[in-house]
Amino acid sequence: MAICNTTFRIKLSAEKPSTPHTVEHMMTTMISSFKPLFRELQHIPMKLDIQKTLKNTSIELLDAFVDKVFKFVDQPYLETQRNFAPVEEIGNKVLVNNVQGEIPCDFPDGVYVRNGPNPLFGGLKSTKSILGRSNHIWVEGEGMIHAIYFEKETSSGICSIYYNNRHVQTETFDMESRKNKPCFIPAIEGDSAAVVSAYLLNMLRFGKVNKFISNTNVFEHAGKYYSIAESDMPQEIDIHTLETFGTWDLNRTWNRPFTSHPKKAPGTGELVFMGVDAKKPFLELGIVSADGRKLVHKVDLNYKRSSLCHDIGVTERYNVLLDFPLILDVNRLIQGGPLIKYEDNKYARIGVMPRYGDAESIQWFDVQPSSAFHIVNCFEDGDEVVMWACRALGSIIPGPDLGLNRFDYFSNGFKHTSSSSLERDFYSEISDGLFFSRCHEWRFNLKTGEVKERNLTGKKYSMDFPMINENYNGNRNKFAYTQIVDTDASSAAGMGKYGGLGKLCFEETGEETNKDLIKIEYHAFPDSTFCSGAAFVSKTEGIEEDDGWIVTYVHSEDTNVSQVYIIDAKRFSDKPVAVVTLPSRVPYGFHGAFMRKGATLKKL
């Protein structure tokens, strides 16, 4: 992301609508605060390399300026948010002996991994300065991978279980670890002048606007494993030791952000992905060969805005693209607004393009404005391409505009509302129920250009973080699985908590009064117990689509104990077939995956 080198006007605080200030005024204020630090120049030793000396001197002065002007403070965790707080890194495998039930004899060898934010230095930070306040938002925080290893002895069939956790050691993680203090100024949310100055200072000091957090997902391609957050490029990891090998830049052919949810194309095994940026080109699509060695297709899709897309869909022949009105806009930030905003009065559309198409080949379909971060699946049905996704009427990222009560906004958003006016009154500023997420269907007719959309699930369960049997990715599937939101607990915490799991049965109807809704089976957790990172594990010799298990990390807030549940997908509502109690608390996080044994690892 970049800030243009021109004069623009900035409101110092949305809560203090005083006279607008130019960037020159902002920089003058910064420099006046900087003057007492010039005396430190005489203490910096001279070096023979003048250019290097000037560069190092500038960085040291900038570091001193930040230390002087910006005060880092911890964002507090409420009692209801205590399992979002970070944990210490273990770094080595630990044998786990506490298992209730039995690991199924046909459960495959492999590693169940889950990524999530685990901020350094105690938690998420805010900074205070003469320019205002800037904050980390809830999705930030350095990535930490939690891993459960299932290792069977060939002769006896006995399964040994190990646990490990480790930070993803990105370049910026190593940078701050060496300094042993927070260095990057939060640059996503806050007073406009503070955020702009954070951009400038982070870029001048580190060559980067923000940290590489790599905290969202883990995926495999061509026998290698990668940690990812869509703000930067993937980090290759050793799935056995959780060591970070380095950035995967596709032999220097990809130099921009990379989606958290790349998809393997059915039939070919190619990896389809895209990258969103705040500057043009706003979105580019890429395809990596099945062997992982070559970027075989790269194209600018000519988006007219920086739509913050989190997922991409594939079918046998097509890519499915989202362009919803959750928008990154640097100009809006410069003018005193937020960098990221859900603009519910702007257009929403979904595109279908041939696998190796370009911007001109996309067939766009206008749809109702809404927010869909996670696609369940896409497939072809005659002349139609069908997309199922978890859809809400508002976006949980980034939250309210400056000046609003952030906690109340999030709390109200999770609350269920029975008002039938929610759909009609979508453009109001009321946040009640805007995060209530349902499985939604879009049908795009490629011949007529018509689109049909409908809800597949009712108002009983709010759901997200979908998963399927990956063997059916891009083809029609009968089943999907989601995490079910506990709306009361989420409202109390102002952050999402998932108190159960749902099995979506697309070929069965679920409610007597509404035949358009599908059947949902429900797996409830004990009271005050919540999950994250659920994944489907298929049986090696499975015949039917739901032959397998759901694995998920769960945490009891009553006992402060974390466990892994293994749930039979065919007996979904029954108790877990096995419960593994972990030696460490596992904070709530994002996406999980099961990696089968057998892939070969090669260091970059």
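Please read these numbers as outputs of a predicted model, since none were measured by experiment.

What to know about the layout of surface pockets
The volume enclosed by the second largest pocket comes to roughly 1100 Å³. As for the second largest pocket, its lining consists of 39 residues, and the residues nearest its centre are Ile468, Glu470, Gly592, Ala593 and Phe594. Secondary-structure elements contributing two or more residues to the lining of the second largest pocket are β12 (217-221), β16 (263-264), β27 (371-381), β31 (463-467), β35 (529-538) and β39 (592-596). Considering every element that reaches the lining of the second largest pocket, the biggest residue donor is β35, with six residues.

Quick notes on the side chain of lysine 503
Topologically, lysine 503 is positioned in strand β33 (residues 498-511). There is a polar contact of 2.9 Å between the side chain of lysine 503 and the side chain of aspartate 546. Those residues in contact with lysine 503 that lie beyond four places of it in its chain are Phe479, Ala480, Tyr481, Lys519, Ile520, Glu521, Asp546, Ala569, Lys570 and Phe572.

Here we look at the pattern of salt bridges
Between side chains of opposite charge, pairing is possible as soon as their charged atoms come close. Considering all chains together, one arrives at 35 salt bridges under this definition. Glutamate 343 is the salt-bridge partner of lysine 346, the closest N and O atoms lying 2.8 Å from each other. For aspartate 568, the salt bridge identified is with arginine 571, shortest N-O distance 3.3 Å. The class for arginine 571 is partly exposed, based on a relative accessible area of 46%. Members of the salt-bridge network, linked through shared partners, are Asp381, Glu384, Glu441, Arg443, Arg454 and Arg476.

A word on the pairing of strand β30 (residues 451-455)
Relative to β30, strand β29 (residues 438-445) runs antiparallel, the two being bridged by five bridges. Considered in β30, the bridge of phenylalanine 444 is made with valine 451.

Here we look at the packing of aromatic side chains
The relative placement of two aromatic rings is captured by the distance of their centres and the angle of their planes. One pass over the full model with this rule turns up 27 aromatic pairs. Measuring from centroid to centroid gives 6.4 Å for phenylalanine 65 and phenylalanine 70, while their planes differ by 80°, and the two rings are edge-to-face. Pair check on accessibility: phenylalanine 65 and phenylalanine 70 agree, each one buried. With a centroid separation of 6.1 Å and an interplanar angle of 50°, the aromatic rings of tryptophan 248 and phenylalanine 258 are classed as tilted. Of this pair, tryptophan 248 sits in the loop between β15 (244-247) and β16 while phenylalanine 258 is found in the loop between β15 and β16, placing the two residues 10 residues apart along the sequence. Note on phenylalanine 258: relative accessible area 1%, which makes it buried. A cation over an aromatic ring shows up here: arginine 114 above the ring of tyrosine 553, its NZ or CZ 5.9 Å from the ring centre.

A word on the sheet that holds strand β10 (residues 159-167)
The antiparallel open sheet is built from five strands, whose spatial order is β4-β10-β9-β6-β39. Every interior strand has two partners, whereas the edge strands, β4 (94-96) and β39, have only one. Taking the axes of each pair of neighbouring strands and ignoring which way they run, one obtains an average angle of 25° across the sheet. When strand β6 (residues 110-117) meets β39, the two strands line up antiparallel, connected through five bridges. Along β39, the bridge assignment pairs glycine 110 with arginine 596.

With respect to empty space enclosed by the protein
Within the structure shown, the criterion is met by three cavities of 30 Å³ or more. For the lining of the second largest cavity, the element with the most residues is β27, which contributes three residues. The class makeup of the residues in the lining of the second largest cavity is seven nonpolar, four polar and no charged.

Examining the UniProt feature "binding site: Fe cation" (unreviewed entry) in the protein
Under the UniProt annotation, "binding site: Fe cation" (unreviewed entry) lies at His261, His310, His374 and His591. These annotated residues cover 331 residues of sequence, but their C-alpha atoms sit close together, with the largest distance between any two at 12.5 Å. Of the residues named above, His310 line the second largest cavity. Inspection of the secondary structure puts histidine 261 in the loop between β15 and β16. With residues up to four places along the chain from it excluded, the contact list for histidine 261 reads Asn217, His310, Asp311, Ile312, His374 and His591. A polar side-chain atom of histidine 261 sits 3.0 Å from a polar atom in the side chain of histidine 310. Counting through the fold element by element, histidine 591 comes out in the loop between β38 (578-581) and β39. Those residues within four positions of histidine 591 in sequence are excluded, and the remaining contacts are Val113, Arg114, Asn115, Thr216, Asn217, His261, His310, His374, Phe465 and Gly533.

Some words on the sheet that holds strand β17 (residues 271-276)
The strands making up a sheet associate through backbone hydrogen bonding, with each pair oriented either parallel or antiparallel. Taken together, four strands build an open sheet; the order of strands is β16-β17-β18-β19 and the sheet is antiparallel. Every interior strand has two partners, whereas the edge strands, β16 and β19 (295-300), have only one. Where β17 and strand β18 (residues 283-288) come together, six bridges link them in antiparallel fashion. Each bridged residue has a counterpart across the sheet, and for valine 276 the counterpart in β18 is leucine 283.

Points about the pairing of strand β22 (residues 318-323)
Burial analysis of β22 places six of its six residues in the buried class, the great majority of the element. Along β22, one buried face is formed by Tyr318, Val320 and Leu322 and the opposite face, lined by Asn319, Leu321 and Asp323, is buried too. Pairing of strand β21 (residues 313-314) with β22 involves two bridges; the strand directions are antiparallel. If you follow valine 314 over to β22, its bridge partner there is asparagine 319. Here β22 pairs with strand β25 (residues 348-354) via six bridges, running antiparallel. When the bridges of β25 are listed, leucine 322 appears paired with isoleucine 350.

Brief notes about the nonpolar core
In this structure, Leu285, Leu301, Ile350, Met387, Trp442, Phe444 and Ile550 are the most contacted members of the largest nonpolar core, which totals 91 residues. In terms of residues, this core owes the most to one element, helix α4 (residues 192-206), which gives seven residues. Sequence-distant contacts of tryptophan 442, defined by excluding residues within four places in its chain, comprise Phe324, Ile350, Val367, Ala372, Val385, Val386, Met387, Ala389, Arg391, Lys452 and Glu453. One finds Tyr163, Ile566, Leu582 and Phe594 within the second-largest nonpolar core, a separate group that totals 20 residues.

Calculation criteria
Residues numbered from 1 in each chain as written. Predicted model: local features only at pLDDT ≥ 70, side-chain atom pairs only at ≥ 80, totals over all residues. Heavy atoms only, no water. 1 Å grid on protein atoms, 1.4 Å probe; cavity = no way out; pocket = protein on both sides within 12 Å on 5 of 7 lines; lining within 4 Å. Points joined across faces, edges and corners; volume = space filled by probe spheres on them. Helix = DSSP H or I, 4+ residues; strand = E, 2+ residues; numbered from the N terminus. Polar contact = N/O pair within 3.5 Å; in protein donor to acceptor, adjacent residues only side chain to side chain. Contact = heavy atoms within 4.5 Å. Salt bridge = Lys/Arg side-chain N within 4 Å of Asp/Glu carboxyl O. Buried < 20%, exposed > 50% of the residue type's maximum accessible area, 1.4 Å probe, protein only. Pairing = 2+ DSSP bridges. Phe/Tyr/Trp six-rings, centres within 6.5 Å; stacked < 30°, edge-to-face > 60°. Lys NZ or Arg CZ within 6 Å of the ring centre and 35° of its normal. Axes fitted to C-alpha atoms, helices over the stretch in contact; angles between N-to-C directions. Nonpolar A, V, L, I, M, F, W, Y, C, P; charged D, E, K, R; others polar. UniProt positions renumbered as here; feature names shortened; annotations may be inferred. Core = buried A, V, L, I, M, F, W, Y, C linked by side-chain atoms within 4.5 Å.

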